[in-house]
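Residue-level listing of the chains:
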Amino acid sequence: MKNVIVTGASRGIGRAIAMELAKRGYRIAINYARSKDRALEVLKSIREIGGEAEIYRADVSSYPEVENMVMEFHRKYGNIYGLVANAGIYIRKNIRDMSIDDWNRTIEVNLNGAFYLVKAALPYMERGSIVFVSSQLAFKGSPSSVAYSASKAGMLGLMRSLAIQLAPDIRVNAVAPGTIDTDMIASYTLERRKEREKEIPLGRIGKPEEVARAVAFLLDEDSSYITGATLDVNGGLYIR
Ligand code: NAP
């Protein structure tokens, strides 16, 4: 059974990724930071479908916590095949209102968190596959957070360099989701949702499961000749 760590797997897109990968036969390290109850629900759901998983608390912005999680998972189950750097935060503030702490926290969780995961897990990966969950805002900028778009663009720079440095044994790719129906867009009013839906060529907001299937494709051998790529999962909202 191949071992995969999914960060931020207690809710939203990360939860859907953990479920999809468990269905495909991977053993999952379900990482969470604050939502233990939600992480336990994911664990229960995976076990109900006959899958294998464990929960691990670690704030991805802390290297010692990430290293500890990776070492515990490895100690129990052996080599790691896959990593999904999904944990993320989006502090919606204009540059004029954004504090230095808001900026630092966003970069620490979204960008440093992805780097820490790879750095800590690499000694335990012989061959495998890594997927970063970036965002369409890496390409087109964000009206509400300079830190978020900078962190998501940074993840793509990290991904591309890793794809070169870790080839041929480890492939590294990213997905760039558009607007996906999770807690991250919970602040949207009904009116804003409707406006957004009108802007999306496929006419609706995406589901976490739709991102999860793209991540699973990039993690699996199905994508054996793909590395250094970013797959848009955005209903056509931003076509590059
Ligand atoms: P979400 O529903 O808000 O879930 C965020 C997840 O990240 C939670 O599981 C949370 O865990 C975890 N997390 C946050 N801070 C963490 C930390 N410091 N350490 C470890 N885990 C942490 O968000 P989502 O929409 O599923 O987003 C998942 C990823 O997709 C993010 O990287 C986000 O930027 C990206 N994305 C989302 C959208 C969208 O429209 N939803 C679009 C593009 C990209 P706890 O609850 O346990 O803290």
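Just above, that's the structure.
Residues numbered from 1 in each chain as written. Predicted model: local features only at pLDDT ≥ 70, side-chain atom pairs only at ≥ 80, totals over all residues. Heavy atoms only, no water.

J.: Give me the site of the ligand: which residues, what numbers.
T.: Around the ligand sit 33 residues in total, of which S10, S35, N86, Y148 and T182 are the nearest. Contacts to the ligand include R34, whose side-chain N or O atom sits 2.8 Å from an oxygen atom. Within the side chain of S35, an N or O atom sits 2.5 Å from an oxygen atom of the ligand. Within the complex, 96% of the 900 Å² of free accessible area of the ligand lies under protein. Of all the secondary structure elements, the ones that give two or more residues to the shell around the ligand are helix 1 (12-23), strand 2 (27-32), helix 4 (100-121) and helix 6 (146-166). (Near = heavy atom within 4 Å. Polar contact = N/O pair within 3.5 Å; in protein donor to acceptor, adjacent residues only side chain to side chain. Areas by Shrake-Rupley, 256 points an atom, 1.4 Å probe, with all protein chains shown as cover. Helix = DSSP H or I, 4+ residues; strand = E, 2+ residues; numbered from the N terminus.)

J.: Tell me about the pairing of strand 3 (residues 53-57), residues and numbers included.
T.: In terms of residue burial, strand 3 counts as a mostly covered element, since four of its five residues are buried. One ladder, built from five bridges, connects strand 2 with strand 3; its direction is parallel. The residue bridging Y32 from the neighbouring strand is R57, located in strand 3. Taking the sense of rotation as the criterion, the β-α-β connection linking strand 2, helix 2 (residues 36-48) and strand 3 turns out right-handed. (Buried < 20%, exposed > 50% of the residue type's maximum accessible area, 1.4 Å probe, protein only. Pairing = 2+ DSSP bridges. Right-handed = clockwise from strand over helix to strand, strands pointing away.)

J.: Summarise the packing of helix 1 against helix 2; cite the residues concerned and give the values.
T.: Where helix 1 contacts helix 2, the axes come no closer than 10 Å and their chain directions differ by 20°. The angle between helix 1 and helix 2 places the two elements in the roughly parallel class. Where helix 1 crosses over helix 2, the handedness of that crossing is right-handed. Taking contact as the criterion, the partners of R15, A18, M19 and A22 in helix 1 are, on helix 2, E41, V42, S45 and I46. Of the residues contributing to the contact of helix 1 with helix 2, the split by class is five nonpolar, one polar and two charged. (Axes fitted to C-alpha atoms, helices over the stretch in contact; angles between N-to-C directions. Parallel < 35°, antiparallel > 145°, perpendicular 65-115°, else oblique. Left-handed = near helix turned anticlockwise from the far one by under 90°. Contact = heavy atoms within 4.5 Å. Nonpolar A, V, L, I, M, F, W, Y, C, P; charged D, E, K, R; others polar.)

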